[in-house]
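One-letter residues, chain by chain:
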Amino acid sequence: MAGLAGLFMSLSATAQSLNALTDRVDSLYYRGNYAAALAASMQALQLAEQDSGNLHHAYAYSLLQTGVVTSALGNYTEAERWLLQARERWTALSERYTEENLMTLKSLGTVYRLQNKFVNGFAVLQEAVAVVEKVAGPDTPEYADVLNSLGNLHMMKGDYEKAEQLLVKAAELNKKNLKKTDTRYLSVLNNLGFLYRQMEDYAQAESILTDVVKIRREVLGPDHPSYGNSIGNLSTLYLVTGEFDKAISLCREVVRIRELTAPNSIPHAVALGNLAESYRFSGRYSQQPVDTLFKKALAIIESKVGQEHLDYAGTLNNFALFNIQAGRYQEAIQLYRRAVQITARVAADSFEYASYCNNLGEGYRYIGDYKMADSLFVLSSSLIAKNFGDKTSRYASYLYKYGQSLMLQGNIVDSFSYMSKSEQVLEQFINRNFLYWSSQQKESFLLTWNNEYSNYLRLAQQNKQYTDSPVLAQRVSLYLKNFLLDEYRFHEKFLLGYTSEVYKTLKSLRIAIEKQYSLPISKRTALDSLQTQMEQVARELSRQSASFRAAKQVAQLGWRDVQKALKPAEATIDYAHFRFHDGYKLTDSVLYIALVLRPGWLAPKLVPLTHEKALASLLKDGPSLLTTSQLGLLRARTQTVTNTGQLAQGEALYRTIWQPLDSLLKGVKQVWVSPSGLLHKVAFAALPLSGKVPGFLADRYSVRVVGSTRIVATSASRTAKSPRTALLIGGAYYGVDSAKPAAEAWPALPGTQQEVNTIAALWGASATVVTGQRATKTQLQQALATTSPDVLHLATHSFFRALTEQRTDFIRPASDPVLLRSGVVMARANVPGTDSLNPDNGILSGLELANLNLTNTELVVLSGCETGLGDIRGSEGVFGLQRAVKMAGAKNLLMSLWPVPDEPTSQFMIAFYRNWKIPNTTLAQAFANTQRAFRQRYPPAVWAAFVLVE
């Protein structure tokens, strides 16, 4: 705040004392000592009234100071009273167009924002705009301050697009007029960072907020309240992104600062509550004083605003949630009941009231009082539908909880009705948002709905006799398969490089529409017009972009679309796995099911299969079933032979995952298989048939492995595309390191040189061959910087290191992300001095592979060992090189599930390309023909290792 120096023509002793007091208030406020600042401002106010009366500049200024300091302490009702009095005095003194009145209006706008009085806030800030235009002008830091306040108010109201416009403009003005260390500039950046957090642009938010935190600490020191505000915002970001250690550390620091600068204030209570919530979210509360934190926060709120307040009810609710997690259900119910009673009196039409009723129902369900639970579930879902509509994810959640309660009571028919309706509402919600969600938003969504999706599948599996059961399971499976991958490819490979303002407008409209849905129906002012605008803009983007049209079409495909695309002798098999939910929580037990779909069926068929532990035992490496002569045929690229559990226990695996489906596949010639979980490790074509008839699954069916059976409903699945351009890399010179033991070096693969040369001869002039010392990571990245070939063929070593391994060499530490624990070996990998920090270290990590431009690439061939290995991540499949290739945008991948010798690998690849070059031969046909021919020459350890994933 500006001081009073120079404001008086002549100063009496009293005036001098008053001037000193106001300067002291300013100084204490700036240093963050709000309690002392308030005491000084009250003293100044009393002195000003004694000396000059209550209609004087000095008295009005003291009112302003008192209001600002009171607001900083969290006493917003009192602050509003002081600031309104100051505003009245400036008008009465004909000092409306002054810096002091401008400061009063901005402070009053802040107080209105913090009390959710948006109408009052906008009115007073519009008045501030008129004042600042006369007092300072539109190109000044003062004008930026008002824009900052307006942007903050729009953000709190949920109008993020308008908030971003105002805050960005304020930041631009401040960048031109102020140093970045100026507190006003930092205030704008802090608000902009918090806005991006609200908009779920987490990368942008973290970048801005960490910058603000660093500067405020340097400028203001580690004890200043403004520094506390910044790290508080950053802590909420880390809570959302699941970085709990960081969140807890920052929350502790905020509590320390509040205890030092504003003890027993509303900001102090908020800090205590946030720290307690960070412990609750992390699950690390057994040794932490979470109860003490919540109780202290409640006591402070009660002392400041009383119990009849939403802040008090909200803290009660959060305390109850903690008690539920801790298994203290009776205590939780008492807390929930108090929250419900308070909210019923102060905000009966609010979202909070419906939410707390639903939570109370959960509490009663935990203790088995289903009558009370069900009445509250019905009440909360009806409140949400009435006040917020029946198209929100919250409504879907409440329907789900009621259905879950009915299921626990054995009322399967009604339970299924509510569960199915819940999933349908959720499906509609996803369809509205799918194309506009970021990867972080999708990950957050999957994490939030993990319990529900597991329970949908559990309900279907346990009640498969109901016609709707497999339909529910099929819908869930289709939505979950490659949920994050589809979004990544669409956003990273298309939208982020798309410069049209049309998409930006579409994304802003989506945010605005979802905000409208979060408001009570009575307060929605623009939903219909926003939806109309969104439809118009989406049509325009569809007109401009084939990629957008295709993505939108695929996102909306359902099981009936897949069924319509199936030919008479075809079927799809969607495998799914889920953690068993006992009605209260997820257990460690993982179950597998299969969903079979054929033309003409009224619904898919659901077949329960096995537990994951049993499946894992079948996929462990076991004693080899190969004969000595068969073993003699193998010369692995790693100079070793690795057998797999599938080869050792193939018949048992067939009986577990396929034989239960045989009766549903009579007359079928082609099967589209979408694996799930551990089944990604299975070479389905090599499953040995059980019984009197010898042979393999490939002898009975044409098996096509796909990421999602949705591909069946797209034209790409049956199109015979003739590839033109090819980039072939092989015969890389890995170099020599005399200091490294031979066992630790990557051995040369002479067969890969001949492999790529032979393929190039088949291909013709449109093939580019890179070998020897030129086969570097940099060469590959440069070659793909401007073009995406039809085929990328990498004939070299590859690797994946599981977390249980402890190697710490250039393949990266075990703690690194999964895409950094997999990679392709390029030239110079054995050269001394090359390590993970060298930009051309001879290792193309999975992450670097994912960042390549393969959007127009029809096929990537990873002609190396175990290129299909990786971490299994829920419904997303294998995270390793397989995932990296798909993230890069490639449509199909040919890879190996286990090590295969150099010579037969090269022979397989050459034969495959020769078959693909036959006119009118599809990629899938070429692969099937090659595999069929190799079955006559090699054991399953060779031909079964290769898998084409579409």
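Analysis parameters
- Going along each chain's sequence as written, the residues are numbered from 1 onward.
- With the structure being a predicted model, the display of local features is reserved for residues of pLDDT at least 70 and the display and counting of side-chain atom pairs for 80 or more, all residues being used for whole-chain, interface and lining totals.
- Based on all heavy atoms of the structure, the side-chain values leave hydrogens and waters out of the count.
- Numbering of helices and strands runs from the N terminus, with a helix taken as a DSSP run of H or I at least four residues long and a strand as a DSSP run of E at least two residues long.
- Burial here depends on accessible area, computed with a 1.4 Å probe over protein chains only, as a share of the maximum for the residue type. Under 20% is buried, over 50% is exposed, and the range in between is partly exposed.
- Should any heavy atoms of two residues lie within 4.5 Å, those residues are counted as being in contact.
- Computed with a 1.4 Å probe, the accessible areas rest on the Shrake-Rupley method; for each residue, only the protein chains presented here act as cover.
- To estimate the expected span of a helix, count its residues, drop one, and scale the result by 1.5 Å.
- To be clear, the arc concerns the directions from the helix axis to the C-beta atoms.
- Any two of the Phe, Tyr and Trp rings considered here, Trp counted by its six-membered ring, make a pair once their centres fall within 6.5 Å; the pair's planes then place it as stacked at under 30 degrees, edge-to-face at over 60, or tilted in between.
- In our convention, an over-ring charge means Lys NZ or Arg CZ found within 6 Å of a ring centre and within 35 degrees of that ring's normal.
- Here, the term nonpolar core denotes a set of buried Ala, Val, Leu, Ile, Met, Phe, Trp, Tyr and Cys residues that are joined through side-chain atoms within 4.5 Å.
- UniProt positions are given in the numbering used here, feature names are shortened, and annotations may be inferred rather than shown by experiment.
- One number per residue, pLDDT, summarises how confident the predictor is, and it ranges from 0 to 100.
- Here, any two strands with at least 2 DSSP bridges between them count as paired.
- Each axis is a line fitted through C-alpha atoms, taken for helices only over the stretch in contact, and angles between the N-to-C directions span 0 to 180 degrees.
- Orientation labels follow simple angle bins: below 35 degrees gives roughly parallel, above 145 gives roughly antiparallel, 65 to 115 gives roughly perpendicular, and whatever is left gives oblique.
- By the definition used in this description, the sense in which the near helix is turned from the far one sets the handedness, with an anticlockwise turn below a right angle giving left-handed and a clockwise turn giving right-handed.
- Put simply, Ala, Val, Leu, Ile, Met, Phe, Trp, Tyr, Cys and Pro go in the nonpolar bin, Asp, Glu, Lys and Arg in the charged bin, and everything else, Gly too, in the polar bin.
- The term salt bridge refers to a pairing of a side-chain nitrogen on Lys or Arg with a carboxyl oxygen on Asp or Glu at a separation within 4 Å.

Description of the overall build of the protein
- Within the protein one finds 40 helices and 16 strands.
- The buried share of the protein, taken over its 950 residues, is 57%.
- Residue pairs at least 24 apart in sequence account for 70% of intrachain contacts in the protein once pairs closer than 6 positions are excluded.
- When the accessible surface of the protein is summed, it comes to about 39,100 Å², and 51% of that surface belongs to carbon and sulfur atoms.

Some remarks on helix H8 (residues 160-177)
- The end-to-end C-alpha separation of H8 is 25 Å, in line with the 26 Å expected for 18 residues at 1.5 Å each.
- Of all the positions in H8, only Tyr160, Ala163, Leu166, Leu167, Ala170, Ala171, Leu173 and Asn174 are classed as buried. Along the axis of H8, the buried residues cluster in a sector spanning 165°; they form a single face. Of the exposed residues in H8, those oriented more than 90 degrees away from the buried face are Glu172, Lys175 and Lys176.

Examining the packing of aromatic side chains
- Applying the stated criterion to the full structure yields 16 aromatic pairs.
- Judged by centre distance (5.7 Å) and plane angle (50°), the rings of Trp658 and Tyr701 are tilted. Placement of Trp658 in the loop between helix H32 (650-657) and strand S4 (670-674) and of Tyr701 in the loop between helix H33 (697-700) and strand S5 (702-705) is noted, with a sequence separation of 43 residues between them. There is no split in this pair, since Trp658 and Tyr701 are both buried.
- Site record: aromatic cluster; members linked through ring pairs are Phe908, Phe927, Phe934, Tyr938 and Phe946.
- Above the ring of Trp601, the side-chain terminus of Lys605 is found at 5.2 Å from the ring centroid.
- One Lys or Arg, Arg937, reaches over the ring of Phe934 and ends 4.9 Å from the middle of that ring.

Some thoughts on the nonpolar core
- Within the largest apolar cluster, 105 residues are counted, with the highest numbers of intra-cluster contacts made by Tyr575, Trp658, Phe684 and Leu780.
- Looking at this core element by element, the count peaks at seven residues for helix H38 (residues 902-916).
- Of all hydrophobic cores here, the second largest spans 103 residues; its members include Phe319, Trp449, Ala460 and Ile593.

Remarks on helix H15 (residues 310-325)
- Taking 1.5 Å per residue, 16 residues should reach 22 Å; H15 reaches 23 Å between its end C-alpha atoms and fits that length.
- Restricting attention to buried positions, one finds in H15 the residues Tyr312, Ala313, Gly314, Thr315, Leu316, Asn317, Phe319, Ala320, Phe322, Asn323 and Ile324.
- The inward-facing, buried residues of H15 abut helix H13 (266-282), helix H14 (290-305), helix H16 (329-346) and helix H17 (351-366).

Examining the UniProt feature "repeat: TPR" (unreviewed entry) in the protein
- UniProt feature "repeat: TPR" (unreviewed entry): in the numbering of this structure it lies at residues 144-177 and 313-346.
- Structurally, residues 144-177 comprises 94% helix and 0% strand, and the distance from its first C-alpha atom to its last is 10 Å.
- Taken end to end, residues 313-346 comprises 91% helix and 0% strand; its first and last C-alpha atoms sit 10 Å apart.

Some words on unusual backbone geometry
- At Arg828, a residue that is not glycine, the phi angle is positive and equals roughly 80°.
- Here Arg828 is to be found in the loop between strand S10 (822-825) and strand S11 (843-845).
- A positive phi angle, near 65°, is found at Asn920, a position not held by glycine.
- With respect to the helices and strands, Asn920 occurs in the loop between H38 and helix H39 (923-934).
- Assessed through its relative accessible area of 71%, Asn920 is described here as exposed.

Observations regarding the confidence of the model for the protein
- Here the protein shows a mean pLDDT of 80. Residues at 70 or above account for 80%.
- In the predicted structure, residues 622-643 sits below a pLDDT of 50 and forms 50 contacts with residues beyond four places in sequence or in another chain.

Here's the deal with the pairing of strand S6 (residues 726-732)
- A large share of S6 lies buried, amounting to seven of its seven residues.
- As paired strands, S6 and strand S7 (residues 767-772) are joined by five bridges and run parallel to one another. Among the inter-strand pairings, Leu727 is bridged to a residue of S7, identified as Thr768.
- Where S6 lies against strand S8 (residues 791-795), five bridges are found, and the strand directions are parallel. Across the sheet, the residue bridging to Ala726 is Val791, located in S8.

Considerations on the environment of Ala726
- With respect to the element layout, Ala726 can be found in strand S6.
- Aside from chain neighbours lying at most four places away, what touches Ala726 is Trp763, Ser766, Ala767, Thr768, Pro789 and Val791.

What to know about the environment of Ser798
- Along the polypeptide, Ser798 turns up in strand S9 (residues 798-800).
- Taking the relative accessible area as the measure of exposure, Ser798 reaches 10% and is therefore buried.
- A C-alpha to C-alpha distance of 8.7 Å links Ser798 and Ser863, two positions 65 residues apart in sequence.

Side note on the packing of H17 against helix H19 (residues 393-408)
- In the contact formed by H17 and H19, the axes pass within 11 Å of each other and the chain directions differ by 20°. With respect to H19, the element H17 is oriented roughly parallel. With respect to the hand of their crossing, H17 and H19 are arranged in left-handed fashion. Across the interface between the two elements, Phe351, Ala354, Ser355, Asn358, Asn359, Glu362 and Arg365 from H17 touch Arg394, Tyr398, Lys401, Gln404, Ser405 and Leu408 from H19.
- Class assignment of the residues belonging to the contact of H17 with H19 gives a composition of four nonpolar, five polar and four charged.

A word on the pattern of salt bridges
- Taken as a whole and judged by the stated rule, the model has 24 salt bridges.
- The closest approach of N and O atoms between Arg81 and Glu78, which form a salt bridge, is 2.8 Å. Within this pair, Arg81 and its partner Glu78 are both found in helix H4 (residues 76-92), separated by three residues, close to a single helical turn.
- Here Lys117 makes a salt bridge to Glu80, at a shortest N to O gap of 3.0 Å. Of this pair, Lys117 sits in the loop between helix H5 (99-114) and helix H6 (118-135) while Glu80 sits in helix H4; the two residues are 37 residues apart in sequence, bridging distant segments of the chain.
- Among the residues examined, Glu80 registers a relative accessible area of 13% and is labelled buried.
- One salt-bridge network, in which partners are shared between bridges, spans Arg87, Arg96 and Glu127.

Focus on the side chain of His793
- Along the chain, the position of His793 falls in strand S8.
- Ignoring anything within four residues of it in the chain, the contact list for His793 reads Leu727, Leu728, Ile729, Glu755, Val756, Ile759, Val861, Ser863, Met909 and Tyr913.

A few points about the packing of helix H9 (residues 183-198) against helix H10 (residues 202-220)
- In contact at an axis separation of 8 Å, H9 and H10 are set at 150° when each is read in the N-to-C sense. The pairing of H9 with H10 is recorded here as roughly antiparallel in orientation. For the pair H9 and H10, the crossing hand works out as left-handed. Contacts from Thr183, Leu186, Ser187, Leu189, Asn190, Leu192, Gly193, Phe194, Tyr196 and Arg197 in H9 reach Tyr202, Gln204, Ala205, Ile208, Leu209, Val212, Ile215, Arg216 and Leu220 in H10.
- Class assignment for the residues of the contact of H9 with H10 results in 12 nonpolar, five polar and two charged.

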